[in-house]
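A closer look at the structure
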Amino acid sequence: MTSTLIPIPESAKFWCNKLFYLHTPIVLTAEEFDTYWPLISTVYTKLSGCTSQRNGEVTVQRYECRLRKSKKGSKPPPPKDGVKKRYGATARHPGLCQVRIKVTRTVNKPITVMVERLDAEQHQHDLARSREIAPSALAMQLATAEASKGYQPAQVMNTLKGVGTPQGSERLIEIGGAHLTR
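In this report, the structure presented in the accompanying data block is examined. (Residues numbered from 1 in each chain as written. Predicted model: local features only at pLDDT ≥ 70, side-chain atom pairs only at ≥ 80, totals over all residues. Heavy atoms only, no water.)

Observations regarding the packing of aromatic side chains
Selection criterion: Planes of paired rings set the category: under 30 degrees apart is stacked, over 60 is edge-to-face and the rest tilted, where pairs are Phe, Tyr or Trp rings (Trp by its six-membered ring) whose centres lie within 6.5 Å. Categorising residues by exposure relies on relative accessible area from a 1.4 Å probe, with only protein chains included: less than 20% of the type maximum marks a residue as buried, more than 50% marks it as exposed, and the intermediate range marks it as partly exposed.
Tallied over the full model, the rule gives six aromatic pairs. Measuring from centroid to centroid gives 5.4 Å for F14 and W15, while their planes differ by 80°, and the two rings are edge-to-face. The exposure class of F14 is partly exposed, given its relative accessible area of 47%. With 6.1 Å between their ring centres and 5° between their planes, W37 and Y44 make a pair best called stacked. A single burial state applies to W37 and to Y44, both of which are buried. Linked through ring pairs, F33, W37, Y44 and Y63 together constitute an aromatic cluster.

With respect to helix α4 (residues 137-147)
Filter applied, for reference: Helical segments are the DSSP runs of H or I of at least four residues, strand segments are the runs of E of at least two, and each set is numbered from the N terminus. Note on contacts: a residue pair qualifies if any of its non-hydrogen atoms lie within 4.5 Å across the two residues.
Listing the buried residues of α4 in full gives A137, L138, A139, L142, A143 and E146. Residues of α4 that are buried make contact with α2 (30-40) and α5 (153-161).

Details of the environment of L47
Topologically, L47 is positioned in strand β2 (residues 44-53). You can call L47 buried: its relative accessible area is 17%. Each C-alpha atom of the pair L47 and E64 lies 6.8 Å from the other, and the pair is 17 residues apart in sequence.

Examining the sheet that holds strand β4 (residues 100-106)
Worth spelling out the cut-off: Any two strands with at least two DSSP-identified bridges between them are counted as paired. For helices, the fitted axis covers only the stretch in contact; all axes are lines through C-alpha atoms, and the angles between them, taken along N-to-C directions, range from 0 to 180 degrees.
With antiparallel pairing, the five strands of this open sheet are ordered in space as β1-β5-β4-β3-β2. Both outer strands of the open sheet, β1 (26-29) and β2, are each paired with one neighbouring strand and no more. Within this sheet the neighbouring strands show an average axis-to-axis angle of 20°, counted without direction. Against the sheet, helix α1 (residues 12-21) contacts β1, β2 and β5 (112-117), and its axis sits at roughly 130° relative to β1.

Thoughts on the nonpolar core
Note the following rule: In these notes, a set of buried Ala, Val, Leu, Ile, Met, Phe, Trp, Tyr and Cys residues joined through side-chain atoms within 4.5 Å is what counts as a nonpolar core.
In this structure, W37, I40, Y44, I101, V103, V115 and I175 are the most contacted members of the largest nonpolar core, which totals 36 residues. Within the residue set of this core, elements represented by two or more residues are α1, β1, α2, β3 (58-65), β4, β5, α4 and α5. If we skip the residues at most four places from it in the chain, V103 touches F33, W37, T59, V60, Q61, Y63, V113, M114 and V115.

With respect to the side chain of S130
Relative to the helices and strands, S130 resides in helix α3 (residues 127-133). If near-sequence neighbours (up to four positions away) are discounted, S130 is found in contact with F20, V43 and H125.

So, the pattern of salt bridges
Formally: One side-chain nitrogen of Lys or Arg within 4 Å of one carboxyl oxygen of Asp or Glu is enough to make a salt bridge.
In the structure shown here, the tally under the stated rule is six salt bridges. Here R100 makes a salt bridge to D119, at a shortest N to O gap of 3.3 Å. Here R100 is found in strand β4, whereas its partner D119 is found in the loop between β5 and α3, with 19 residues between them in sequence. Judged by its relative accessible area of 27%, R100 is partly exposed. Exposure remark for D119: the relative accessible area of 25% places this residue in the partly exposed category. Put simply, R129 and E132 hold a salt bridge, and the shortest N to O gap is 3.2 Å. Separated by three residues within a single helix, R129 and E132 lie in helix α3, roughly one turn from each other. On the basis of relative accessibility, which here comes to 35%, the residue R129 falls in the partly exposed class. Judged by its relative accessible area of 44%, E132 is partly exposed.

What follows is the structure in structure tokens.
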């Protein structure tokens, strides 16, 4: 099992806040986007497919806040053999947060990525609330990597929390893994 602290990008907390609140459009290099987007990507859900613009030189993907929930939810599966089973999802009320963003990526070199809001709406919640619903993609990637080594769930969590190190849990919280469970 790994005894070192989990790797986190430099200025992770700064970039999480900047990409969450998004007061002004942000232009990043492809490498910066690939480094910092996994810290915040689970706050948003994709809207439709990726579109090409300007003769294929630019791709655009639109996202909405996970708490917006503009799509209609699914119904519980029908009971089998007359036994109604508990449906494992919790209902979120639609329209809690109206934030929508657009991620525009140039295809030609140098590749740049611009992240901007589609409207003037602000989040009606904080980043911690979004992470209660879905931990960051980076935290999930790290947990999956440790689990693929054959460790038990408790061992994976201990590794991610950096048991035995004073700043281990702080690093997990910083990358959005505070609500990871076994």
